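# Secondary and tertiary structure notes
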Amino acid sequence: MSLLIKNGKVYLEGNLVSKNIFIEKDKITKITSSEVKADKVIDASNKIIIPGLIDPHVHFRDPGLTHKEDFLTGSMAAAAGGITTIQDMPNTLPPVNNLQVLDEKRKAARKSVVNYGLYFGCDADNLSEIEKASNVPAVKVYMDHTTGNLLLNDNQVLEKIFTSNKFIAVHAEKKNVKRCLDLIEKGDNGIYFCHISSKQELDDTQSKSIENNVYVEVSPQHLFLTKDDLNNLEAFGEMKPSLKTKSDQKALWKGIKDGTVDTIGTDHAPHTKEEKLAINYPFGIPGCETLLPLLLNAMHENKITLNKIIELCSENPANIFKIKNKGFIKEGYDADLTIIDLDLEKEVKNEELFTKCSWSPFNSWNLKGWPIMTIVLGEIIFDNGKINKISAREVEYGK
Ligand code: DOR
Ligand code: ZN
Ligand code: ZN
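Report follows, based on the coordinates. (Residues numbered from 1 in each chain as written. Chains lettered and ligands numbered in written order. Predicted model: local features only at pLDDT ≥ 70, side-chain atom pairs only at ≥ 80, totals over all residues. Heavy atoms only, no water.)

## With respect to the coordination of the zinc ion (ligand 2)
Keep this limit in mind: Sodium, potassium and calcium take a 3.2 Å donor cutoff, other metals 2.8 Å, and in both cases only N, O and S atoms count; water is not among them, so sites may look incomplete. Here a strand is any run of E in DSSP of at least two residues, a helix any run of H or I of at least four, and the numbering for each starts at the N terminus. Accessibility here uses a 1.4 Å probe with only protein chains present; expressed as a share of the type maximum, an area under 20% marks a residue as buried, one over 50% as exposed, and anything in between as partly exposed.
Those donors, His171 (ND1) and His195 (NE2), are the protein atoms that reach the zinc ion (ligand 2), and they lie 2.0 to 2.1 Å from it. Here the zinc ion (ligand 3) and the zinc ion (ligand 2) are spaced 3.4 Å from one another. Of this pair, histidine 171 sits in strand 13 (residues 168-171) while histidine 195 sits in the loop between strand 14 (191-193) and helix 6 (199-205), placing them 24 residues apart in sequence. With respect to burial, histidine 171 and histidine 195 carry one shared label: buried.

Right, here's the structure in full:
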């Protein structure tokens, strides 16, 4: 099967260039000005083709919590949002803290219509399993209380994990950010801070000379909502880390501009409406479908450039996690592509979402700039509101 995407503007090395993209099977084989004969042709006139987004941080709840989401519905939401690869967190049931459970999750993930990587979790005594886990983006360490029971606090245990043979991704808030840096300094590992949400935390990530081993993710909810929105959203705006002040939000946008922030991860964390309406509601919100429209809309408001969006959402995640053949539009790379219409204006509507939880804190927001087609490994998975259920595959991580 071959596919030609013609007449579009293609994002190549930081520029939008009029080129045709020729795809054979799952790979981009030619980026050319001439018209190549193909089995199927997509006319992308007036559209832009960007490398598919890589969401480094989602909770697809499969196995064990599939009443909230599963790999099929979560990945459909991702595809509808222009995301072609996700990395799934280990706080599923049972938690991914041994090789057997990782294997079970690998089976569950075969339903996914976007590419996936699977984090490994840790508890007080699974160091030997951590060291044996293969092809994982990182070991996820929870240093603050949140959904699931993977919390770790003992310094001795943490030191062993931070100096293990794995890259570390961490949920660390407030004082725990500096604590992580002290721990990571003892080995030669890198560290990835998930969802940094305050000015203080962002400043703290920069407080050591090991800076070039330190990566910072922010989440769209902290870029587009503040704690003032809780009046309207109530439990539907409750997440960990919590929504912060306008001045924290400003610091995150400044961090995007000055290069302190490396990636945007949605922390897509769906819970059902019923669960959110209960007195002891769980923390977390869905986010895969709204990430790119929110950012493109912000681009129209001159808050961010298209280049920066692609750097944060495609290129950097591929580089930081060493995901093979992804993140860029290049000959020989995987054909993971998102076609966007910068002029399309549309309202976010709960009833149109693919996530199983069927709600979004951005419901009824009118946004300009939407993905209209998502191609995963050379297959059209999302096309103008419709999903084509073709399984994708696990990504490969390099050393
Ligand atoms: O709000 C959150 N929800 N924060 C987390 O760290 C976990 C997530 C979840 O799994 O629900
Ligand atoms: Zn977290
Ligand atoms: Zn998370």
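On we go.
## With respect to the sheet that holds strand 5 (residues 27-32)
In plain terms, the rule: Should DSSP find at least two bridges between two strands, the strands are regarded as paired. Between N-to-C directions, angles cover 0 to 180 degrees, with each direction set by a line fitted to C-alpha atoms, over the stretch in contact for helices.
What the four strands build is an open sheet, ordered 5-4-1-6; its pairing is mixed. Among the strands making up the open sheet, the edge pair consists of strand 5 and strand 6 (40-43). Averaged over all neighbouring strand pairs, the angle between strand axes comes to 20°, with direction disregarded. Pairing between strand 1 (residues 2-6) and strand 4 (residues 20-24): four bridges, direction antiparallel. Opposite leucine 4, over in strand 4, you have phenylalanine 22 as the bridge partner.

## Regarding the packing of helix 11 (residues 291-300) against helix 12 (residues 306-320)
Between two packed helices, both the angle of their axes relative to each other and the distance between the axes serve to describe the pair. Defined as follows: When an angle is under 35 degrees it counts as roughly parallel; over 145 it counts as roughly antiparallel; between 65 and 115 it counts as roughly perpendicular; any other value is oblique. Take the far helix as your reference; a near helix turned counterclockwise from it by less than a right angle gives a left-handed crossing, and one turned clockwise gives a right-handed crossing. Working rule for contacts: check all heavy atoms of both residues, and any pair within 4.5 Å makes them a contact.
One way to put it is that helix 11 packs onto helix 12 with a least axis distance of 9 Å and a crossing angle of 150°. The orientation of helix 11 relative to helix 12 falls into the category roughly antiparallel. Judged by the twist between their axes, the crossing of helix 11 over helix 12 is right-handed. Contacts from Leu292, Leu295, Leu296 and Met299 in helix 11 reach Leu306, Ile309 and Cys313 in helix 12.

## Description of the site of ligand 1
Our working rule: Working definition: residue near molecule or strand if any one of its non-hydrogen atoms lies within 4 Å of it. Counted as a polar contact is a pair of N or O atoms within 3.5 Å, where, for protein atoms, one must be capable of donating a hydrogen and the other of accepting one, and residues adjacent in sequence contribute only when both atoms are in side chains. Here the open area of atoms and residues is found with the Shrake-Rupley method and a 1.4 Å probe, where only the protein chains shown may cover a residue. Gly falls in the polar group here, along with every residue not listed as nonpolar (Ala, Val, Leu, Ile, Met, Phe, Trp, Tyr, Cys, Pro) or charged (Asp, Glu, Lys, Arg).
Inspection of the region around ligand 1 gives 13 residues, with Arg61, Asn91, Thr146, Thr147 and Lys240 positioned closest. Residue arginine 61 places a side-chain N or O atom 2.8 Å away from an oxygen atom belonging to ligand 1. Lysine 240 is positioned with one of its backbone polar atoms (N or O) 2.8 Å from a nitrogen atom of ligand 1. Computed on the free molecule, ligand 1 has an accessible area of 290 Å², of which 100% lies beneath the protein chains in the complex. Taken together, the residues of the shell around ligand 1 sort by class into three nonpolar, seven polar and three charged.

## So, the packing of aromatic side chains
To be explicit about the condition: Pairing of aromatic rings covers Phe, Tyr and Trp, the last through its six-membered ring, and needs centres within 6.5 Å; plane angles under 30 degrees mean stacked, over 60 mean edge-to-face, and all others mean tilted.
What the rule picks out here adds up to eleven aromatic pairs. Here the aromatic rings of phenylalanine 224 and tryptophan 253 are separated by 5.6 Å at their centres, their planes lie at 85°, and the arrangement is edge-to-face. Here phenylalanine 224 is found in helix 7 (residues 220-224), whereas its partner tryptophan 253 is found in helix 9 (residues 246-258), with 29 residues between them in sequence. Across the pair, exposure class does not vary: phenylalanine 224 and tryptophan 253 are buried alike. A centroid spacing of 4.8 Å and a plane angle of 85° characterise the contact between phenylalanine 236 and tryptophan 359, whose relative ring orientation is edge-to-face. Taken together, the residues phenylalanine 236 in the loop between helix 8 (230-233) and helix 9 and tryptophan 359 in the loop between strand 17 (337-347) and strand 18 (366-376) connect sequence positions 123 residues apart.

## Remarks on unusual backbone geometry
Cis geometry marks the peptide bond from aspartate 62 to proline 63, where omega comes out at 10°. Within the element layout of this structure, proline 63 appears in the loop between strand 8 (53-58) and helix 1 (71-80). With an omega of -5°, the peptide bond running from lysine 240 to proline 241 counts as cis. By secondary structure assignment, the location of proline 241 is in the loop between helix 8 and helix 9. In the Ramachandran plot, arginine 61 falls in the positive-phi region, its phi being about 65° despite a non-glycine side chain.

## With respect to the coordination of the zinc ion (ligand 3)
Metal coordination angles in their ideal form are 109.5 degrees for the four-donor tetrahedron and 90 or 180 degrees for the six-donor octahedron. Around the zinc ion (ligand 3), the protein contributes the donor atoms His57 (NE2), His59 (NE2) and Asp267 (OD), which lie 2.0 to 2.2 Å from the metal centre. Each donor residue of the zinc ion (ligand 3) belongs to the same chain, and together they define the spacing H-x1-H-x207-D.

## Considering the side chain of serine 198
Tracing the backbone through its elements, the reader meets serine 198 in the loop between strand 14 and helix 6. According to the relative accessible area criterion, serine 198 is buried, its value standing at 10%.

Geometric values such as these leave the question of function open.
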